[in-house]
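Spelled out from the first residue to the last, the chains are:
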Amino acid sequence: MREAFLPFCKPSIGDAEIAAVREVLRSGWITTGARSAEFEAAFAAHVGAPHAVALASGTGGMHIVLKALGVGPGDEVITPSMTWVSTVNLAVLAGATPVFVDVDRDTLMVTPETVARAVTDRTRLIVPVHFAGAAADVDPIRDGVAGRPIAVVEDAAHAVGTACRGRRIGAVGTSIFSFHPIKNITTGEGGMVCSDDAALVERLRRLKFHGLGVDAHDRQMQGRAPQAEVVEPGYKYNMTDIAAAIGLVQLRRVETFNRRRAELAARYRERLEPIDEIIPLRDPPYPATHSWHLFIVRLDIDKAGFSRDDFMARLKQRHIGTGLHFRAVHLQKYYAQQMGMRRGMLPHTEWNSDRICSLPLFPDMTGEDVDEVVDAIKEAIAAG
Ligand SMILES: *Cc1c(COP(=O)(O)O)cnc(C)c1O
(Lines give C-alpha, C1' and ligand atoms only; values in the text may rest on other atoms or scores of the structure.)
Protein backbone atom coordinates (compact mmCIF):
# COMPACT_ATOMS: atom_id res chain seq x y z
CA MET A 1 0.00 0.00 0.00
CA ARG A 2 1.26 3.48 -0.81
CA GLU A 3 2.59 5.56 2.06
CA ALA A 4 1.52 9.15 1.24
CA PHE A 5 -2.16 9.96 0.65
CA LEU A 6 -2.88 10.58 -3.05
CA PRO A 7 -5.50 13.34 -3.29
CA PHE A 8 -8.06 13.04 -6.06
CA CYS A 9 -6.97 16.46 -7.30
CA LYS A 10 -4.21 19.03 -6.79
CA PRO A 11 -3.66 22.29 -8.68
CA SER A 12 -0.29 22.74 -10.44
CA ILE A 13 1.06 26.00 -9.07
CA GLY A 14 4.65 26.79 -10.02
CA ASP A 15 7.18 29.56 -9.51
CA ALA A 16 5.75 31.52 -12.46
CA GLU A 17 2.29 31.78 -10.85
CA ILE A 18 3.88 32.84 -7.55
CA ALA A 19 6.05 35.45 -9.30
CA ALA A 20 3.02 36.81 -11.19
CA VAL A 21 1.05 37.21 -7.97
CA ARG A 22 4.01 38.87 -6.25
CA GLU A 23 4.25 41.36 -9.11
CA VAL A 24 0.56 42.28 -8.83
CA LEU A 25 0.77 42.59 -5.04
CA ARG A 26 3.71 44.96 -5.35
CA SER A 27 2.18 46.97 -8.22
CA GLY A 28 -0.20 49.09 -6.13
CA TRP A 29 -3.29 47.75 -7.99
CA ILE A 30 -4.61 44.35 -6.91
CA THR A 31 -8.27 44.21 -7.91
CA THR A 32 -9.83 44.32 -11.41
CA GLY A 33 -7.56 46.16 -13.82
CA ALA A 34 -4.96 45.54 -16.52
CA ARG A 35 -4.29 41.87 -15.65
CA SER A 36 -8.01 41.01 -15.75
CA ALA A 37 -8.41 42.68 -19.15
CA GLU A 38 -5.33 40.82 -20.40
CA PHE A 39 -6.69 37.50 -19.11
CA GLU A 40 -10.04 38.13 -20.82
CA ALA A 41 -8.28 38.80 -24.13
CA ALA A 42 -5.98 35.77 -23.79
CA PHE A 43 -8.84 33.45 -22.86
CA ALA A 44 -11.05 34.73 -25.69
CA ALA A 45 -8.16 34.12 -28.11
CA HIS A 46 -7.59 30.64 -26.67
CA VAL A 47 -11.16 29.47 -27.29
CA GLY A 48 -11.74 31.60 -30.40
CA ALA A 49 -14.54 33.67 -28.82
CA PRO A 50 -15.26 37.28 -29.80
CA HIS A 51 -15.79 38.32 -26.14
CA ALA A 52 -14.90 37.08 -22.67
CA VAL A 53 -15.86 38.46 -19.25
CA ALA A 54 -13.72 37.47 -16.24
CA LEU A 55 -15.62 36.82 -13.02
CA ALA A 56 -15.24 35.77 -9.40
CA SER A 57 -16.72 32.32 -10.16
CA GLY A 58 -18.55 30.27 -12.74
CA THR A 59 -21.59 30.33 -10.48
CA GLY A 60 -21.52 34.15 -10.46
CA GLY A 61 -21.41 33.97 -14.27
CA MET A 62 -24.55 31.82 -14.34
CA HIS A 63 -26.25 34.25 -11.96
CA ILE A 64 -25.71 37.31 -14.16
CA VAL A 65 -26.45 35.36 -17.37
CA LEU A 66 -29.85 34.36 -15.93
CA LYS A 67 -30.43 37.98 -14.93
CA ALA A 68 -29.37 39.34 -18.33
CA LEU A 69 -31.63 36.86 -20.13
CA GLY A 70 -34.52 37.85 -17.87
CA VAL A 71 -35.13 34.28 -16.69
CA GLY A 72 -37.73 34.37 -13.89
CA PRO A 73 -41.07 33.11 -12.61
CA GLY A 74 -43.00 31.04 -15.14
CA ASP A 75 -39.87 30.22 -17.14
CA GLU A 76 -38.49 26.71 -17.51
CA VAL A 77 -34.76 25.98 -17.53
CA ILE A 78 -33.76 22.66 -19.08
CA THR A 79 -30.71 21.09 -17.44
CA PRO A 80 -29.39 17.65 -16.58
CA SER A 81 -29.68 16.53 -12.97
CA MET A 82 -26.24 14.94 -13.38
CA THR A 83 -24.40 18.23 -12.82
CA TRP A 84 -23.08 20.51 -10.14
CA VAL A 85 -25.92 22.11 -8.13
CA SER A 86 -25.09 25.73 -8.98
CA THR A 87 -27.14 26.09 -12.19
CA VAL A 88 -30.21 24.49 -10.66
CA ASN A 89 -29.93 26.51 -7.44
CA LEU A 90 -29.67 29.79 -9.34
CA ALA A 91 -32.58 28.97 -11.63
CA VAL A 92 -34.69 28.32 -8.52
CA LEU A 93 -33.42 31.47 -6.80
CA ALA A 94 -34.44 33.43 -9.93
CA GLY A 95 -37.96 32.02 -9.50
CA ALA A 96 -37.73 29.79 -12.58
CA THR A 97 -38.53 26.07 -12.77
CA PRO A 98 -35.74 23.61 -13.48
CA VAL A 99 -36.76 20.88 -15.90
CA PHE A 100 -34.43 17.91 -15.60
CA VAL A 101 -33.63 15.74 -18.58
CA ASP A 102 -31.98 12.36 -18.29
CA VAL A 103 -28.44 11.84 -19.57
CA ASP A 104 -26.99 9.20 -21.85
CA ARG A 105 -26.11 6.28 -19.59
CA ASP A 106 -22.52 6.05 -20.79
CA THR A 107 -21.49 9.63 -21.64
CA LEU A 108 -23.36 11.33 -18.73
CA MET A 109 -24.48 14.08 -21.12
CA VAL A 110 -27.84 15.22 -22.44
CA THR A 111 -28.60 14.45 -26.07
CA PRO A 112 -30.40 16.63 -28.66
CA GLU A 113 -33.27 14.11 -28.61
CA THR A 114 -33.89 14.15 -24.86
CA VAL A 115 -33.61 17.94 -24.77
CA ALA A 116 -36.06 18.33 -27.69
CA ARG A 117 -38.64 16.24 -25.84
CA ALA A 118 -38.45 18.54 -22.79
CA VAL A 119 -38.99 21.83 -24.68
CA THR A 120 -42.35 23.52 -24.00
CA ASP A 121 -43.86 26.96 -24.61
CA ARG A 122 -42.42 28.03 -21.27
CA THR A 123 -38.81 26.99 -21.99
CA ARG A 124 -36.51 30.04 -21.77
CA LEU A 125 -33.10 28.47 -21.39
CA ILE A 126 -31.25 25.21 -22.06
CA VAL A 127 -28.02 24.49 -20.17
CA PRO A 128 -26.12 21.50 -21.61
CA VAL A 129 -23.13 20.42 -19.52
CA HIS A 130 -19.83 19.35 -21.10
CA PHE A 131 -19.07 16.50 -18.74
CA ALA A 132 -15.67 15.62 -17.28
CA GLY A 133 -13.90 17.27 -20.24
CA ALA A 134 -15.94 15.56 -22.99
CA ALA A 135 -17.96 17.69 -25.41
CA ALA A 136 -21.76 17.70 -25.35
CA ASP A 137 -23.45 17.79 -28.75
CA VAL A 138 -24.62 21.40 -28.56
CA ASP A 139 -24.93 22.39 -32.26
CA PRO A 140 -28.07 20.31 -32.90
CA ILE A 141 -29.56 21.54 -29.59
CA ARG A 142 -29.00 25.16 -30.71
CA ASP A 143 -30.33 24.44 -34.21
CA GLY A 144 -33.39 22.75 -32.69
CA VAL A 145 -34.55 25.95 -30.98
CA ALA A 146 -33.31 28.49 -33.55
CA GLY A 147 -35.83 31.26 -34.17
CA ARG A 148 -37.58 30.66 -30.83
CA PRO A 149 -37.10 32.80 -27.70
CA ILE A 150 -34.98 30.09 -26.08
CA ALA A 151 -31.36 30.67 -25.08
CA VAL A 152 -28.68 27.98 -24.97
CA VAL A 153 -25.88 28.55 -22.43
CA GLU A 154 -23.20 25.90 -22.18
CA ASP A 155 -21.88 24.86 -18.78
CA ALA A 156 -18.21 24.65 -19.77
CA ALA A 157 -16.82 24.38 -16.23
CA HIS A 158 -15.13 21.09 -17.23
CA ALA A 159 -14.26 22.17 -20.76
CA VAL A 160 -11.13 24.37 -20.80
CA GLY A 161 -9.38 22.93 -23.87
CA THR A 162 -12.32 20.78 -24.98
CA ALA A 163 -13.19 20.97 -28.69
CA CYS A 164 -16.08 19.62 -30.72
CA ARG A 165 -16.10 19.18 -34.50
CA GLY A 166 -12.85 21.13 -34.82
CA ARG A 167 -13.92 24.12 -32.74
CA ARG A 168 -13.11 24.90 -29.11
CA ILE A 169 -16.01 25.04 -26.67
CA GLY A 170 -16.74 28.74 -26.14
CA ALA A 171 -16.03 29.79 -29.74
CA VAL A 172 -19.72 29.93 -30.66
CA GLY A 173 -22.75 30.87 -28.55
CA THR A 174 -22.43 31.54 -24.81
CA SER A 175 -20.38 29.35 -22.48
CA ILE A 176 -19.46 29.59 -18.80
CA PHE A 177 -16.06 28.35 -17.61
CA SER A 178 -14.81 27.84 -14.04
CA PHE A 179 -11.34 28.26 -12.55
CA HIS A 180 -12.08 26.64 -9.21
CA PRO A 181 -8.92 24.85 -7.95
CA ILE A 182 -10.02 21.42 -9.18
CA LYS A 183 -10.69 22.61 -12.74
CA ASN A 184 -8.18 22.27 -15.62
CA ILE A 185 -6.78 25.73 -14.92
CA THR A 186 -7.28 27.73 -11.75
CA THR A 187 -7.25 31.32 -10.52
CA GLY A 188 -7.92 30.27 -6.90
CA GLU A 189 -11.59 30.95 -7.55
CA GLY A 190 -12.82 32.44 -10.78
CA GLY A 191 -14.90 32.07 -13.90
CA MET A 192 -15.27 33.35 -17.46
CA VAL A 193 -18.26 33.87 -19.70
CA CYS A 194 -17.41 33.65 -23.40
CA SER A 195 -20.00 34.85 -25.87
CA ASP A 196 -20.53 35.91 -29.47
CA ASP A 197 -23.51 38.05 -28.38
CA ALA A 198 -22.15 41.60 -27.99
CA ALA A 199 -25.36 42.96 -26.43
CA LEU A 200 -25.41 40.19 -23.83
CA VAL A 201 -21.74 40.82 -23.02
CA GLU A 202 -22.34 44.53 -22.51
CA ARG A 203 -25.11 43.66 -20.06
CA LEU A 204 -22.85 41.16 -18.25
CA ARG A 205 -20.11 43.78 -17.88
CA ARG A 206 -22.57 46.03 -16.10
CA LEU A 207 -24.18 43.34 -13.97
CA LYS A 208 -20.83 41.97 -12.76
CA PHE A 209 -19.94 45.32 -11.15
CA HIS A 210 -22.77 47.18 -9.42
CA GLY A 211 -24.55 47.93 -12.69
CA LEU A 212 -22.12 50.69 -13.58
CA GLY A 213 -22.28 51.82 -17.18
CA VAL A 214 -18.58 52.25 -17.87
CA ASP A 215 -16.04 49.46 -18.01
CA ALA A 216 -13.05 51.31 -19.48
CA HIS A 217 -9.84 50.73 -17.58
CA ASP A 218 -8.37 54.13 -16.91
CA ARG A 219 -4.56 53.95 -17.10
CA GLN A 220 -3.88 56.88 -14.81
CA MET A 221 -6.71 56.32 -12.35
CA GLN A 222 -6.58 52.49 -12.46
CA GLY A 223 -9.98 50.78 -12.53
CA ARG A 224 -13.16 52.51 -13.57
CA ALA A 225 -13.66 56.15 -14.26
CA PRO A 226 -14.95 57.73 -11.03
CA GLN A 227 -17.83 59.31 -12.95
CA ALA A 228 -19.34 55.90 -13.81
CA GLU A 229 -23.05 55.81 -12.96
CA VAL A 230 -25.46 53.02 -12.07
CA VAL A 231 -27.43 52.09 -15.16
CA GLU A 232 -29.27 49.23 -13.44
CA PRO A 233 -28.80 47.49 -10.07
CA GLY A 234 -25.92 45.03 -10.40
CA TYR A 235 -23.94 42.47 -8.46
CA LYS A 236 -20.26 42.23 -7.56
CA TYR A 237 -18.67 39.35 -9.40
CA ASN A 238 -15.52 40.96 -10.83
CA MET A 239 -12.26 38.99 -10.96
CA THR A 240 -9.27 40.47 -9.11
CA ASP A 241 -5.97 41.11 -10.85
CA ILE A 242 -4.36 38.77 -8.31
CA ALA A 243 -6.54 35.96 -9.65
CA ALA A 244 -6.12 37.02 -13.29
CA ALA A 245 -2.31 36.99 -12.93
CA ILE A 246 -2.50 33.33 -11.88
CA GLY A 247 -4.91 32.63 -14.74
CA LEU A 248 -2.59 34.17 -17.35
CA VAL A 249 0.24 31.83 -16.35
CA GLN A 250 -2.09 28.81 -16.10
CA LEU A 251 -3.50 29.52 -19.55
CA ARG A 252 0.01 29.41 -21.02
CA ARG A 253 0.41 25.96 -19.46
CA VAL A 254 -3.03 24.54 -20.29
CA GLU A 255 -1.99 22.52 -23.33
CA THR A 256 0.84 20.88 -21.38
CA PHE A 257 -1.58 20.19 -18.51
CA ASN A 258 -4.21 18.66 -20.78
CA ARG A 259 -1.68 16.54 -22.68
CA ARG A 260 -0.51 15.12 -19.35
CA ARG A 261 -4.10 14.52 -18.25
CA ALA A 262 -4.76 12.64 -21.49
CA GLU A 263 -1.67 10.44 -20.99
CA LEU A 264 -2.74 9.56 -17.46
CA ALA A 265 -6.31 8.87 -18.60
CA ALA A 266 -5.05 6.56 -21.36
CA ARG A 267 -3.00 4.67 -18.79
CA TYR A 268 -6.04 4.34 -16.50
CA ARG A 269 -8.17 3.05 -19.38
CA GLU A 270 -5.62 0.44 -20.35
CA ARG A 271 -4.97 -0.80 -16.79
CA LEU A 272 -8.63 -0.81 -15.76
CA GLU A 273 -9.86 -2.58 -18.88
CA PRO A 274 -9.43 -6.14 -17.48
CA ILE A 275 -11.33 -5.37 -14.25
CA ASP A 276 -14.92 -6.63 -14.73
CA GLU A 277 -16.34 -4.66 -11.80
CA ILE A 278 -15.28 -1.33 -13.32
CA ILE A 279 -17.51 0.09 -16.07
CA PRO A 280 -15.82 2.84 -18.13
CA LEU A 281 -17.53 5.87 -19.67
CA ARG A 282 -17.93 5.89 -23.44
CA ASP A 283 -16.56 8.64 -25.70
CA PRO A 284 -19.30 10.43 -27.64
CA PRO A 285 -19.57 9.30 -31.30
CA TYR A 286 -18.82 12.71 -32.91
CA PRO A 287 -15.29 14.12 -33.45
CA ALA A 288 -14.15 15.88 -30.28
CA THR A 289 -11.09 16.65 -28.16
CA HIS A 290 -11.41 15.57 -24.52
CA SER A 291 -9.74 17.80 -21.92
CA TRP A 292 -9.82 15.05 -19.26
CA HIS A 293 -11.04 17.25 -16.44
CA LEU A 294 -12.08 14.13 -14.53
CA PHE A 295 -11.46 10.40 -14.83
CA ILE A 296 -14.78 8.84 -13.88
CA VAL A 297 -15.52 5.13 -13.49
CA ARG A 298 -18.70 3.30 -12.49
CA LEU A 299 -18.55 0.47 -9.98
CA ASP A 300 -20.63 -2.55 -10.96
CA ILE A 301 -22.19 -2.81 -7.49
CA ASP A 302 -23.90 -6.13 -8.28
CA LYS A 303 -20.68 -7.84 -9.36
CA ALA A 304 -18.63 -6.18 -6.59
CA GLY A 305 -21.19 -6.91 -3.86
CA PHE A 306 -20.69 -3.55 -2.12
CA SER A 307 -21.75 0.06 -2.63
CA ARG A 308 -19.92 2.92 -4.30
CA ASP A 309 -19.64 4.75 -0.98
CA ASP A 310 -18.03 1.61 0.42
CA PHE A 311 -15.70 1.53 -2.61
CA MET A 312 -14.61 5.12 -1.91
CA ALA A 313 -14.03 4.27 1.78
CA ARG A 314 -11.95 1.21 0.82
CA LEU A 315 -9.78 3.33 -1.48
CA LYS A 316 -9.37 5.95 1.23
CA GLN A 317 -8.14 3.22 3.63
CA ARG A 318 -5.55 2.45 0.97
CA HIS A 319 -4.54 6.17 0.92
CA ILE A 320 -6.28 6.96 -2.38
CA GLY A 321 -8.56 10.01 -2.54
CA THR A 322 -11.63 9.99 -4.80
CA GLY A 323 -14.37 12.41 -5.82
CA LEU A 324 -18.07 12.13 -6.61
CA HIS A 325 -19.21 14.06 -9.72
CA PHE A 326 -22.07 14.21 -9.17
CA ARG A 327 -24.80 13.07 -6.83
CA ALA A 328 -28.00 13.59 -8.88
CA VAL A 329 -29.39 17.05 -8.08
CA HIS A 330 -33.05 15.96 -8.20
CA LEU A 331 -32.48 13.43 -5.40
CA GLN A 332 -30.88 15.95 -3.03
CA LYS A 333 -32.90 16.94 0.00
CA TYR A 334 -34.34 20.27 -1.13
CA TYR A 335 -35.27 19.16 -4.64
CA ALA A 336 -36.69 15.84 -3.52
CA GLN A 337 -38.79 17.46 -0.78
CA GLN A 338 -39.79 20.80 -2.27
CA MET A 339 -40.23 19.81 -5.89
CA GLY A 340 -41.64 16.34 -5.47
CA MET A 341 -38.71 14.72 -7.24
CA ARG A 342 -38.22 11.03 -6.64
CA ARG A 343 -36.35 7.98 -7.81
CA GLY A 344 -37.55 6.56 -11.10
CA MET A 345 -37.86 9.95 -12.85
CA LEU A 346 -34.39 9.91 -14.45
CA PRO A 347 -33.25 6.27 -14.66
CA HIS A 348 -29.82 6.76 -16.30
CA THR A 349 -28.94 9.67 -14.00
CA GLU A 350 -29.94 7.68 -10.92
CA TRP A 351 -28.13 4.55 -12.08
CA ASN A 352 -24.93 6.57 -12.46
CA SER A 353 -25.48 8.60 -9.31
CA ASP A 354 -25.22 5.33 -7.35
CA ARG A 355 -22.13 4.04 -9.17
CA ILE A 356 -19.86 6.87 -10.30
CA CYS A 357 -16.54 7.70 -8.71
CA SER A 358 -13.80 10.10 -9.84
CA LEU A 359 -10.29 8.69 -9.56
CA PRO A 360 -7.23 10.87 -8.89
CA LEU A 361 -6.27 12.88 -11.99
CA PHE A 362 -4.05 15.95 -12.06
CA PRO A 363 -1.03 16.97 -14.17
CA ASP A 364 1.60 16.43 -11.46
CA MET A 365 0.59 12.78 -10.97
CA THR A 366 2.96 10.08 -12.15
CA GLY A 367 2.26 6.94 -14.12
CA GLU A 368 3.22 5.03 -10.98
CA ASP A 369 0.47 6.85 -9.08
CA VAL A 370 -2.03 5.60 -11.67
CA ASP A 371 -0.73 2.04 -11.25
CA GLU A 372 -1.07 2.32 -7.48
CA VAL A 373 -4.67 3.50 -7.81
CA VAL A 374 -5.43 0.53 -10.05
CA ASP A 375 -3.73 -1.85 -7.60
CA ALA A 376 -5.77 -0.37 -4.75
CA ILE A 377 -8.96 -0.85 -6.80
CA LYS A 378 -8.06 -4.51 -7.38
CA GLU A 379 -7.43 -5.00 -3.66
CA ALA A 380 -10.61 -3.19 -2.69
CA ILE A 381 -12.63 -5.46 -4.96
CA ALA A 382 -10.79 -8.65 -3.94
CA ALA A 383 -11.48 -7.84 -0.26
CA GLY A 384 -15.11 -8.80 -1.07
C1 LIG B 1 -17.33 23.79 -10.90
C2 LIG B 1 -18.62 23.73 -11.62
C3 LIG B 1 -19.46 24.85 -11.70
C4 LIG B 1 -19.29 26.11 -10.89
O5 LIG B 1 -18.12 26.76 -11.02
P6 LIG B 1 -17.58 27.70 -9.82
O7 LIG B 1 -16.48 28.46 -10.44
O8 LIG B 1 -17.12 26.77 -8.73
O9 LIG B 1 -18.69 28.56 -9.37
C10 LIG B 1 -20.58 24.76 -12.51
N11 LIG B 1 -20.89 23.63 -13.18
C12 LIG B 1 -20.12 22.53 -13.10
C13 LIG B 1 -20.51 21.32 -13.88
C14 LIG B 1 -18.98 22.54 -12.30
O15 LIG B 1 -18.24 21.42 -12.20
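Up top is the structure.
Not measured: the values here are computed from a predicted model.

Engineer: Sorry, what's going on with the overall build of the protein here?
Structural biologist: What the protein contains, in helices and strands, is 13 helices and 13 strands. Its C-alpha radius of gyration of 21 Å places the protein within 12% of the 21 Å reference for a compact globule of 384 residues. For the protein, the C-alpha atoms occupy an extent of roughly 70 × 55 × 40 Å along the three principal directions. The buried share of the protein, reckoned over its 384 residues, is 56%. Within the protein, residue pairs in contact and separated by at least 24 positions form 72% of the contacts whose partners lie at least 6 positions apart.

Engineer: Would you take a moment to explain the packing of helix H1 (residues 15-27) against helix H8 (residues 241-272) for this structure?
Structural biologist: Geometry of a packed helix pair, given as the angle between the helix axes and the separation of the axes. Between H1 and H8, whose axes approach to 8 Å, the crossing angle comes to 150 degrees. Between H1 and H8, the angle is such that the two are roughly antiparallel. As for the relative orientation of H1 and H8, their crossing is right-handed in sense. The segment H1 lies against H8, with Ala16, Glu17, Ala20, Val21, Val24 and Leu25 engaging Asp241, Ile242, Ala245, Ile246, Val249, Gln250 and Arg253. Its residues assigned to classes, the contact of H1 with H8 comprises nine nonpolar, one polar and three charged.

Engineer: Explain the site of the ligand here, please?
Structural biologist: Every one of the 14 residues lining the ligand counts as a neighbour, but Thr59, Asp155, His158, Ser178 and Lys183 are closest to it. Between the ligand and Lys183, the relevant distance is 3.1 Å, taken from an oxygen atom to a side-chain nitrogen or oxygen of the residue. Considering the ligand on its own, with 380 Å² of exposed area, one finds that the protein chains cover 90% of that surface.

Engineer: Can you help me understand helix H7 (residues 198-207) in this one?
Structural biologist: An α-helix turns once every 3.6 residues. As a result, residues three or four positions apart point the same way. Of the positions making up H7, those classed as buried are Leu200, Val201, Leu204, Arg205, Arg206 and Leu207. Taken together, the buried residues of H7 touch helix H2 (34-47), strand S1 (51-55), helix H3 (58-69), strand S8 (174-178) and strand S9 (191-195). Measuring from the backbone nitrogen of Ala199 back to the side-chain oxygen at the start of H7 gives 3.2 Å, which picks out Asp197 as the cap.

Engineer: Just to check I follow, could you spell out the nonpolar core for this structure?
Structural biologist: A general feature of soluble globular proteins is that nonpolar side chains tend to end up buried together. Ranked by size, the top nonpolar core spans 55 residues in total, and within it Phe39, Phe43 and Phe177 carry the most contacts. Elements with a contribution of two residues or more to this core: H2, S1, strand S3 (97-101), helix H5 (112-118), helix H6 (138-144), S9 and H8. Among the elements that make up this core, the one with the highest residue count is H8 (six residues). When we break this core down by domain, the ones giving at least three residues each are domain 1 (15-251) and domain 2 (254-382). Core analysis: the next-biggest nonpolar cluster, separate from the first, contains 29 residues, Ile275, Val297, Phe362 and Ile381 among them.

Engineer: Which parts of the structure should I look at to understand the sheet that holds strand S11 (residues 288-289)?
Structural biologist: Pairing between sheet strands relies on hydrogen bonds along the backbone, with the strands arranged either parallel or antiparallel. Read across the open sheet, the three strands follow the order S7-S6-S11; overall the sheet is antiparallel. Of all strands in the sheet, those bounded by a partner on one side alone are strand S7 (167-168) and S11.

Engineer: Can you help me understand the packing of aromatic side chains in this one?
Structural biologist: Centre-to-centre distance and the angle between the planes together describe a pair of aromatic rings. Following the criterion strictly, the structure yields 10 aromatic pairs and no others. Their ring planes at 35 degrees and their centres at 6.0 Å tell us that Trp84 and Phe326 sit as a pair that is tilted. Here Trp84, found in the loop between strand S2 (76-80) and helix H4 (86-93), pairs with Phe326, found in the loop between helix H10 (308-317) and helix H11 (333-338); they are 242 residues apart in sequence, far enough to count as distant. Pairing Tyr235 with Tyr237 gives two aromatic rings, centres 5.9 Å apart and planes at 20 degrees, and the pair type is stacked. A residue is classified by how much of its surface remains accessible, and Tyr235, at 25% relative accessible area, is partly exposed.

Engineer: What's the story with the packing of H3 against H4 in this structure? I'm lost.
Structural biologist: Running from N to C, H3 and H4 cross one another at 35 degrees; their axes reach a closest spacing of 10 Å. Relative to H4, H3 is oriented so that their crossing is right-handed. Packed against H3, whose contacting residues are Thr59, Met62, His63 and Leu66, the element H4 presents Ser86, Thr87, Leu90 and Ala91 at the interface. A class-by-class count of the residues in the contact of H3 with H4 yields four nonpolar, four polar and no charged.

Engineer: So what exactly am I meant to see when it comes to the sheet that holds strand S10 (residues 278-280) here?
Structural biologist: Across the sheet, three strands lie side by side as S10-S12-S13; this open sheet has antiparallel pairing. Looking at which strands have only one partner, the edges of the open sheet turn out to be S10 and strand S13 (356-359). The average angle at which neighbouring strand axes cross in this sheet is 40 degrees, direction not considered. Note that S10 and strand S12 (residues 295-299) share three bridges and pair antiparallel. Residue pairing in the sheet places Ile279 in a bridge with Arg298 of S12. Along the sheet, H10 makes contact with S10, S12 and S13, crossing S13 at roughly 20 degrees.

Definitions and cut-offs
- Residues numbered from 1 in each chain as written.
- Predicted model: local features only at pLDDT ≥ 70, side-chain atom pairs only at ≥ 80, totals over all residues.
- Heavy atoms only, no water.
- Helix = DSSP H or I, 4+ residues; strand = E, 2+ residues; numbered from the N terminus.
- Rg over C-alpha atoms; globule rule 2.2 N^0.38 Å.
- Buried < 20%, exposed > 50% of the residue type's maximum accessible area, 1.4 Å probe, protein only.
- Contact = heavy atoms within 4.5 Å.
- Axes fitted to C-alpha atoms, helices over the stretch in contact; angles between N-to-C directions.
- Parallel < 35°, antiparallel > 145°, perpendicular 65-115°, else oblique.
- Left-handed = near helix turned anticlockwise from the far one by under 90°.
- Nonpolar A, V, L, I, M, F, W, Y, C, P; charged D, E, K, R; others polar.
- Near = heavy atom within 4 Å.
- Polar contact = N/O pair within 3.5 Å; in protein donor to acceptor, adjacent residues only side chain to side chain.
- Areas by Shrake-Rupley, 256 points an atom, 1.4 Å probe, with all protein chains shown as cover.
- Core = buried A, V, L, I, M, F, W, Y, C linked by side-chain atoms within 4.5 Å.
- Domains from an automatic or database assignment.
- Pairing = 2+ DSSP bridges.
- Phe/Tyr/Trp six-rings, centres within 6.5 Å; stacked < 30°, edge-to-face > 60°.

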